[in-house]
Amino acid sequence: AQTVTQSQPEMSVQEAETVTLSCTYDTSESDYYLFWYKQPPSRQMILVIRQEAYKQQNATENRFSVNFQKAAKSFSLKISDSQLGDAAMYFCAYRRSYGKLTFGQGTILTVHP
Amino acid sequence: KAGVTQTPRYLIKTRGQQVTLSCSPISGHRSVSWYQQTPGQGLQFLFEYFSETQRNKGNFPGRFSGRQFSNSRSEMNVSTLELGDSALYLCASSFSGPGELFFGEGSRLTVL
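Chains are numbered independently. Their residues run from 1 in the order of the written sequence. For this description, chains carry letters from A and ligands carry numbers from 1, given in the order in which they are written. For a predicted model such as this one, the threshold for reporting local features is a pLDDT of at least 70, and the threshold for listing and counting side-chain atom pairs is 80 or more; totals across whole chains, interfaces and linings nevertheless cover every residue. Hydrogens and waters are ignored; side-chain quantities use all the structure's heavy atoms.

### As for the overall build of chain B
- Per the secondary structure count, chain B includes 0 helices and 11 strands.
- Starting at the N terminus and walking to the C terminus, you meet the elements of chain B as β-β-β-β-β-β-β-β-β-β-β.
- Since a compact globule built from 112 residues should have a radius of gyration of about 13 Å, the 13 Å found for chain B is in line with a globular shape.
- If you line up chain B on its principal axes, its C-alpha atoms span 40 × 25 × 25 Å. Strands here mean DSSP runs of E at least two residues long; helices mean DSSP runs of H or I at least four residues long; both are numbered from the N terminus. Taken over C-alpha atoms, the radius of gyration is set against a globule rule of 2.2 Å times the number of residues to the power 0.38.

Dropping the structure here:
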């Protein structure tokens, strides 16, 4: 069974600085998708970034980028120029081509002004 | 384009009662899945529906059931509620193919 592990229950960062959230996963599949979702206190889960396993290039979305290491089964999220609005719970998630999302336990990110 | 809509947002029930939650997916999305979120267990997959058929099911007891209608709207039902069913229930929709899921705001169920 696929598993996703986020080893950092909580992280904090100063506004305008950079923070990296870690995620590792376990799968025997070769074709899959990885995601980072953000869940602010308002609760709605919002997609931050996605990565297709077949793509070697790391995904980037504005201030958010990933470091995807397929052989190591590692998928970390880097947030640059952190903003107060980035404060939220962040979930790493795995999905085969079809089917359910498997989530990590989440990392609470606090942004200090 | 309207997002995923879940109703009700909050509800309180007592043990032994049953509850029905509703989810309207994004227009054009035919796949709807449900997740339970609790502080202790995190996010757990309940089931997925596609074209009115259950395509996948998580490891939950038979008290948890769902269905999907021809317009892709979905409902989930929990019968004989237990205290441990208190949770945030999230609905997500997607196109039929691979890729990301889009989530609603959730229904917060409290069982007393």
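### A few points about the pattern of salt bridges
- One side-chain nitrogen of Lys or Arg within 4 Å of one carboxyl oxygen of Asp or Glu is enough to make a salt bridge. One pass over the full model with this rule turns up 11 salt bridges over all chains.
- Residue D86 of chain A is joined to R63 of chain A by a salt bridge in which the shortest nitrogen-to-oxygen separation is 2.8 Å. Taken together, the positions of D86 of chain A in the loop between β9 (74-79) and β10 (88-96) and R63 of chain A in the loop between β7 (60-61) and β8 (64-69) put the pair 23 residues apart, joining distant regions of the chain.
- Burial status follows relative accessibility: with a 1.4 Å probe on protein chains alone, a residue under 20% of its type maximum counts as buried, one over 50% as exposed, and anything between as partly exposed. Here R63 of chain A falls in the buried class, since its relative accessible area comes to 19%.
- D85 of chain B is paired through a salt bridge with R63 of chain B; the nearest N and O atoms lie 2.8 Å apart.

### Here's the deal with the interface of chain B and chain A
- In what follows, residue pairs with any heavy atoms lying within 4.5 Å of each other are defined as contacts. Contacts between chain B and chain A engage 26 residues on the former and 18 residues on the latter.
- When two components associate, each loses some accessible surface as probed by a 1.4 Å sphere; the sum of these losses over both components is called the buried area. For the chain B and chain A pair, buried surface summed over both sides reaches about 1900 Å², with 52% attributable to carbon and sulfur atoms.
- Looking only at chain B, the three residues that lose the most surface to chain A are L43, E100 and F103 of chain B, adding up to 29% of its buried area.
- Counting the contacts that link chain B with chain A gives 1 salt bridge.
- The salt bridge involving E100 of chain B is made with R50 of chain A; its shortest N-O contact spans 2.3 Å.
- Whenever two N or O atoms come within 3.5 Å, that pair is a polar contact, provided that in protein one can donate a hydrogen and the other can accept it, and provided that, for residues adjacent in sequence, both atoms are side-chain atoms. In this structure, the connection of chain B to chain A is made through 6 residue pairs in polar contact (both at pLDDT 80 or more).
- When contributions to the side of chain B that touches chain A are tallied by element, the ones reaching two or more residues are β4 (31-38), β5 (42-50), β6 (53-57) and β9 (87-94) of chain B.
- The element best represented in the side of chain B that touches chain A is β5 of chain B, accounting for 4 residues.
- When residues are sorted by character, Ala, Val, Leu, Ile, Met, Phe, Trp, Tyr, Cys and Pro go into the nonpolar class, Asp, Glu, Lys and Arg into the charged class, and all the rest, Gly among them, into the polar class. Grouping the amino acids of the side of chain B that touches chain A by side-chain chemistry returns 9 nonpolar, 11 polar and 6 charged.

### Quick notes on the nonpolar core
- In this structure, Y25, W36, F75, L77 and Y90 of chain A are the most contacted members of the largest nonpolar core, which totals 25 residues.
- Mapped onto this core, the elements with two or more residues apiece are β3 (19-21), β5 (32-39), β6 (46-52), β8, β9, β10 and β12 (107-112) of chain A.
- Here the element with the most residues in this core is β10 of chain A; it accounts for 4 residues.
- If we skip the residues at most four places from it in the chain, Y90 of chain A touches Q6, L21, W36, Y37, K38, V48, F64, L77, I79, G106, T107 and L109 of chain A.
- The next biggest cluster of nonpolar side chains, apart from the first, holds 21 residues, and it includes V4, L81, Y89 and V111 of chain B. For this analysis, a nonpolar core means a set of buried residues of the types Ala, Val, Leu, Ile, Met, Phe, Trp, Tyr and Cys, connected via side-chain atoms within 4.5 Å.

### Some remarks on the layout of surface pockets
- Each pocket or cavity is described by its volume, and for the largest pocket that value is around 340 Å³.
- A 1.4 Å probe that fits into a set of points on a 1 Å grid over the protein atoms alone but cannot get out defines a cavity; an open set with protein on both sides within 12 Å along at least five of seven lines defines a pocket, and lining residues are those with an atom within 4 Å of a point. Taken together, 16 residues form the lining of the largest pocket, with K100 and T102 of chain A together with L43, Q44 and F45 of chain B sitting closest to its centre.
- Looking at the lining of the largest pocket residue by residue, the class counts come to 7 nonpolar, 8 polar and 1 charged.
- Grid points are joined across faces, edges and corners, and a volume is the space filled by probe spheres set on the points. There is about 260 Å³ of room inside the second largest pocket.
- As for the second largest pocket, its lining consists of 14 residues, and the residues nearest its centre are Q39 and M89 of chain A together with Q37, T38 and P39 of chain B.
- Elements with a minimum of two residues in the lining of the second largest pocket: β10 of chain A together with β4 of chain B.
- Across the lining of the second largest pocket, the residue classes break down as 7 nonpolar, 5 polar and 2 charged.

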